[in-house]
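# Topology and contacts: notes
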Amino acid sequence: MSNKVMSVSNVSKRYGAIQAVDDVSFDVYEGEILGLIGPNGSGKSTLFNCLLGQTRPDNGSVEINGHNASGLSPSKLNKLGIGRTFQQLSVFPEMTVLDNIILAGQEHHGSMFSRLFGAPDAGLTPEADRLIAFFRLEHLRDEMAGSLSYGQQKLLDAAMAFMAGPSIVMLDEPAGGVNLTMLGNFKERLRTFNKEHGTTFVVIEHNMEFVMSLCTRVLVLANGAIIAEGTPDEIMNNQMVIDAYLGG
Amino acid sequence: MMTKRNMWLLAGLIALILAPLGQGNYVVYTLCSWLIFSMAAMGLNLTLGYAGQISLAQSAFMAIGAYTTALLTLPPAEDGVGGLGLHWLVAMPISVFAAFVVGLIIGFPALRVKGHFLAFVTLAFTTLTFLVLRNEDWLTGGTYGLVGMPRPDFGFFNTGKQLRFYYFTLAVFVVFCLLMWGIIRSPWGRAFKALRENSIRAESLGVDTRRITLLAFAIGSAAGGLAGSLVAPLVQFIEPGSFALVHSLKMLLMVVVGGAGFFFGPVIGAGVVILMPEFLRFTEGYYLMIYAATVIVLIIFCPKGLIGLGEIIRNKLRKDKKVRGDMDKGAQL
């Protein structure tokens, strides 16, 4: 088995009487595409937010690339090599596509003061152009991000997550609201990136076809706890998973 | 080859150089005020227009700049409030630094509160500053204020006369614009905009939103301090009322009317707020009403300010209609 890049131990989060995440532990291995699925209200998003510094868990710890990442702010987690996308559209609408991508990489170049006195693009335009081409957004490079279609903004959001060369990319419902053609292209690009760069992915998604055809391993969450783990084939035939989804 | 934008900038600069020629002292004084308030409003534009942090404290930062400069440049007095008799070139950086540090401190509440709550915090700071200036008369002269701040003398160029002080202010204005432009187009400027548009996303991309928020306040406040540092020798009389809340509101108006988030928006806004009432004086008692009505109409019909209005008109007049990059090829994605 490959190296562990993320280790989640006994993470719990409670909101009043609701146990949103209940003592969840799992590991993420280098180069894998891990799917995290579960019915609505199963605690996926809360768990994601706990891992990504948006929500402070009540208990538990997270280790990323050998560093204790518990309680770190999202910006520090990003510096540790975590890229992420959001469920809602999260681009900067009044900045061009190019500026969105450069912003996603600039904080990893030089110190705060060298960035003030250095080149306006922090020397990132060629790298940003490569990524824009990879996601086939060249024709929109100089457009305002807010003028792009929903699916194009989702692609841009994903491209931004890749700009800083992260070791782990966490994708929060990347397929939501994206048409089938674009979704197919997006999936193919994720696979290519995974193969070419060895980047690890953790994907939260409702679209079963997308998860089962993309992921190498799947975790199933129900009522805040992990109820199943395995390959996509194993998960699809797991009675507990079927019951959780169908309310059996 | 000079770009169209640079040609416009050059034309603007030439217009600013020619504007006071042949004019009386009052007109030159008004033009000086316009440039000085433009700088303060550009500072506020960085905090509000670019970084999205509302502030009603810009007049307080002007006060810090003006009083610091006054106390440092006034000659020592045997009785009453005197100063240290330093040159403006020494007093100005100290004044700007003082405003920067206080702005940094005022930025801390912005890490916890947003929107109208933040507006109230900064409003309270302006009121507090006003009260300190009024009550601590051993230092500030209280309601009588401070009088007789010298205008800077550079040996080869004495700014004592109104026209000379105008050109001195214009030189400071040009240097200030270059510095601000450098900040706005740097990665810092991009981070300020990201903070305004989506702070959670910005943080997830490694932007230290705490630091950027504090810097947005501190740099904007420093610009207010610089403006204050020029007001003291321009007017040669300052008192707490010169920096009351109404002046913060005026600067907010300058930013909004000119176009928040546009580099030269506040310069145009300051022109409207300071120069338009002068142009409307011929209407006698009606000028304030006409002025207020114009501002209301402008804000309702053009929320992006006068620069935004200019963009709308320019787009309407364009013969070659621009389409989004993918529309001429059909949606490929």
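Heads up: the structure comes first, above all this text.
The notes below deal with the structure included here. (Residues numbered from 1 in each chain as written. Chains lettered and ligands numbered in written order. Predicted model: local features only at pLDDT ≥ 70, side-chain atom pairs only at ≥ 80, totals over all residues. Heavy atoms only, no water.)

### Looking at the overall build of chain B
A count of helices and strands for chain B gives 14 helices and two strands. Over its C-alpha trace chain B gives a radius of gyration of 21 Å, about what one expects of a compact globule, namely 20 Å for 333 residues. Each principal axis of the C-alpha distribution contributes one length, and for chain B these read about 80 × 50 × 45 Å. Expressed as a percentage of its 333 residues, the buried residues of chain B come to 50%. If you take every contact in chain B between residues at least 6 apart in sequence, the share linking residues at least 24 apart comes to 74%. Carbon and sulfur atoms make up 70% of the accessible area of chain B, which totals about 16100 Å². Looking at charge distribution, chain B has the averaged site of its 26 positive side-chain charges lying 13 Å from that of its 15 negative ones. (Helix = DSSP H or I, 4+ residues; strand = E, 2+ residues; numbered from the N terminus. Rg over C-alpha atoms; globule rule 2.2 N^0.38 Å. Buried < 20%, exposed > 50% of the residue type's maximum accessible area, 1.4 Å probe, protein only. Contact = heavy atoms within 4.5 Å. Areas by Shrake-Rupley, 256 points an atom, 1.4 Å probe, with all protein chains shown as cover. Lys, Arg positive; Asp, Glu negative; His and termini not counted. Charge placed at Lys NZ, Arg CZ, Asp CG, Glu CD.)

### Considerations on the pairing of strand 3 (residues 33-37) of chain A
Residue and element names in this part refer to chain A. Among the five residues in strand 3, five count as buried, and that is most of the element. Burial along strand 3 is two-sided: the face carrying Ile33, Gly35 and Ile37 and the face carrying Leu34 and Leu36 are both buried. Pairing of strand 3 with strand 9 (residues 217-222), which is carried by four bridges, proceeds in the parallel orientation. Among the inter-strand pairings, glycine 35 is bridged to a residue of strand 9, identified as valine 218. (Pairing = 2+ DSSP bridges.)

### Focus: the side chain of serine 38 of chain B
Residue and element names in this part refer to chain B. Within the secondary structure, serine 38 sits in helix 2 (residues 25-50). For serine 38, a relative accessible area of 0% puts it in the buried group. Within the local environment of serine 38, its side chain forms a polar contact with the backbone oxygen of tryptophan 34, the two atoms lying 2.7 Å apart. Apart from residues lying up to four places away in sequence, serine 38 is in contact with Phe173, Pro266, Val267 and Ala270. (Polar contact = N/O pair within 3.5 Å; in protein donor to acceptor, adjacent residues only side chain to side chain.)

### A short note on the interface of chain B and chain A
Contacts between the two partners involve 32 residues from chain B and, on the opposite side, 47 residues from chain A. Summed over the shared surface of chain B and chain A, the number is two salt bridges. For arginine 201 of chain B, the salt bridge identified is with aspartate 157 of chain A, shortest N-O distance 2.6 Å. In terms of residue count, the dominant contributor to the side of chain B that touches chain A is helix 8 (residues 187-197) of chain B (eight residues). Among the residues making up the side of chain B that touches chain A, the classes are represented as 13 nonpolar, six polar and 13 charged. (Salt bridge = Lys/Arg side-chain N within 4 Å of Asp/Glu carboxyl O. Nonpolar A, V, L, I, M, F, W, Y, C, P; charged D, E, K, R; others polar.)

### So, a nonpolar patch on the surface
A surface patch of nonpolar side chains, about 700 Å² in accessible area, is lined by Met2, Met7, Leu10, Ile14, Ile17, Leu18, Leu21 and Leu163 of chain B. Mapped onto the fold, leucine 10 of chain B is located in helix 1 (residues 4-18). (Patch = residues over 30% accessible without salt bridge, like charges linked within 9 Å, V, L, I, M, F, W, Y side chains within 5 Å.)

### As for the sheet that holds strand 9 of chain A
All names here are of chain A. Pairing is mixed in the open sheet, where six strands are placed in the order 6-7-8-3-9-10. Looking at the sheet topology across the chains shown, the edges are occupied by strand 6 (82-84) and strand 10 (225-230). For this sheet the average axis-to-axis angle between neighbouring strands, irrespective of direction, equals 20 degrees. Along the sheet, helix 1 (residues 44-51) makes contact with strand 3, strand 6, strand 7 (168-172), strand 8 (200-204) and strand 9, crossing strand 7 at roughly 145 degrees. (Axes fitted to C-alpha atoms, helices over the stretch in contact; angles between N-to-C directions.)

### Quick word on the packing of aromatic side chains
By the definition in use, this model includes 15 aromatic pairs over all chains. Seen in terms of ring centroids, phenylalanine 162 of chain A and phenylalanine 193 of chain A are 4.2 Å apart; in terms of plane orientation they differ by 50 degrees. Their pairing is tilted. Here phenylalanine 162 of chain A, found in helix 6 (residues 150-162), pairs with phenylalanine 193 of chain A, found in helix 7 (residues 180-197); they are 31 residues apart in sequence, far enough to count as distant. On the numbers, 6.1 Å between centres and 65 degrees between planes, the contact of tyrosine 67 of chain B with phenylalanine 243 of chain B is edge-to-face. Note that tyrosine 67 of chain B is positioned in helix 3 (residues 58-73) and phenylalanine 243 of chain B in the loop between strand 2 (237-238) and helix 11 (245-258), a separation of 176 residues in sequence. The exposure class of phenylalanine 243 of chain B is buried, given its relative accessible area of 4%. Put simply, the rings of Phe134, Phe135, Phe162, Phe193 and Phe201 of chain A touch in pairs and so form one group of aromatic residues. Positioned above the aromatic ring of phenylalanine 86 of chain A, the side-chain terminus of arginine 84 of chain A is 3.9 Å from the ring centre. For arginine 151 of chain B, the ring lying beneath its charged end belongs to phenylalanine 165 of chain B, and the centroid distance is 4.6 Å. (Phe/Tyr/Trp six-rings, centres within 6.5 Å; stacked < 30°, edge-to-face > 60°. Lys NZ or Arg CZ within 6 Å of the ring centre and 35° of its normal.)

### Concerning the packing of helix 12 (residues 265-279) of chain B against helix 13 (residues 287-301) of chain B
All names here are of chain B. At a minimum axis separation of 10 Å, helix 12 and helix 13 run at an interaxial angle of 150 degrees. Helix 12 and helix 13 meet at a crossing whose hand is right-handed. On helix 13, the residues touching Val272, Val273, Met276 and Pro277 of helix 12 are Tyr287, Tyr291 and Thr294. For the contact of helix 12 with helix 13, the class distribution of residues is six nonpolar, one polar and no charged. (Left-handed = near helix turned anticlockwise from the far one by under 90°.)

### Here we look at helix 5 (residues 115-135) of chain B
All names here are of chain B. When the terminal C-alpha atoms of helix 5 are compared, their 30 Å separation across 21 residues agrees well with the 30 Å that a helix rising 1.5 Å per residue should span. Considered for burial, the residues of helix 5 that qualify are Leu118, Ala119, Thr122, Phe125, Thr126, Thr129 and Leu133. Each buried residue of helix 5 sits inside an arc of 120 degrees when the element is viewed along its axis, so together they form one side. Exposed residues on helix 5 whose side chains face more than 90 degrees from its buried face are His116, Phe117, Phe120 and Leu128. (Expected span 1.5 Å × (residues − 1). Arc of directions from axis to C-beta.)

### Here's the deal with the pattern of salt bridges
Residues and elements named next belong to chain A. Throughout the structure, instances matching the rule amount to 15 salt bridges over all chains. A salt bridge links glutamate 107 to arginine 115; its shortest N-O distance comes to 3.1 Å. By relative accessible area, arginine 115 is classed as buried at 8%. Connected through salt bridges with shared partners, the residues Glu32, Arg217 and Glu229 form a single ionic network.

That is the geometry; function is a separate question.
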